[in-house]
Amino acid sequence: RAPAPYMMKFENVKVQLIDFPPITADTLDSAEIEMIKVADAVLVVADAADADSPGMLETIFGRLREKRVEFVRDGFVPPAADEIRNFRKKSILAAAKADREGADAGIETLKFFFEAQLPILPVSVETGAGLEDLRRSLFAVLHVIRVHSKIPGKKAELDSPFVLPRGSDVMRIASAVHKDFVEKLAYARLWRGTEIAGLMVNRDFKLEDGDIVELHLG
């Protein structure tokens, strides 16, 4: 009956989800709308086997637009002349119960009405189908990367990465590890898959997901 926090595990990190109770245009209250406005992203879950889902979604989306909230694809770029000042939230639409009778037709209908607005991922909790793709998509829409720190002479801690905004540089991981590195960092070494091994990099070197960074004080 009220929003509840949960954690979703994705590989070596966890993502916090706030699970709303089932909503309709009449039950969506102002507190929930404010929570949507401050969320990093939104996962919309619809019953693919319910023929009424597209109509209910359109009604709910319309109610939200009245409150200046709009769900859009990741990477949505408004027209140059767009003067609307809505809270545009990066969103994914999960077509749930994809294993049920009638779900195939329901998924096609959801795609017909909403695929231009949102990516649609069929999922089934019963069979597990699509859940891993959903986890990966949710992580991607957050625009974050996982960076591992490494103490010189020791192995990297791969189970507890630092989660940083996409586009972060070496100084961002240095400040996350310890404030002393910000002023005293001399250089860093970087490992990236099979491409880079121990490369000396400067402070503004851009990091990617899965990078390992070894920091050296001057």
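An account of the accompanying structure is given in this report. (Residues numbered from 1 in each chain as written. Predicted model: local features only at pLDDT ≥ 70, side-chain atom pairs only at ≥ 80, totals over all residues. Heavy atoms only, no water.)

## Some words on helix 2 (residues 53-66)
- A rise of 1.5 Å per residue sets the reference length of helix 2, with its 14 residues, at 20 Å; its end C-alpha atoms lie 20 Å apart and thus fit the reference within 8%.
- Those residues of helix 2 hidden inside the fold are in contact with helix 1 (30-38), strand 3 (42-47), strand 4 (69-72), strand 5 (87-96) and helix 3 (103-114).
- Arg68, located one to two residues past helix 2, shows a positive phi value of around 70°. (Helix = DSSP H or I, 4+ residues; strand = E, 2+ residues; numbered from the N terminus. Expected span 1.5 Å × (residues − 1). Contact = heavy atoms within 4.5 Å.)

## Describing helix 1
- Of the positions making up helix 1, those classed as buried are Glu32, Ile33, Ile36 and Lys37. Buried positions in helix 1, seen along its axis, are confined to an arc of 145° and lie on one side of it. (Buried < 20%, exposed > 50% of the residue type's maximum accessible area, 1.4 Å probe, protein only. Arc of directions from axis to C-beta.)

## Digging into the packing of aromatic side chains
- With the rule as written, the count across this model stands at five aromatic pairs.
- Summarising the aromatic geometry, the rings of Phe61 and Phe114 are spaced 5.6 Å apart at their centres and angled 80° between planes, so their arrangement reads as edge-to-face. Here Phe61 is found in helix 2, whereas its partner Phe114 is found in helix 3, with 53 residues between them in sequence.
- Through a chain of ring-to-ring contacts, three or more aromatic side chains come together here, namely Phe61, Phe71, Phe112, Phe113 and Phe114.
- Across from the ring centre of Phe139, 4.6 Å away, lies the NZ or CZ of Arg146, which sits over that ring. (Phe/Tyr/Trp six-rings, centres within 6.5 Å; stacked < 30°, edge-to-face > 60°. Lys NZ or Arg CZ within 6 Å of the ring centre and 35° of its normal.)

All we've got here are geometric facts, nothing functional implied.
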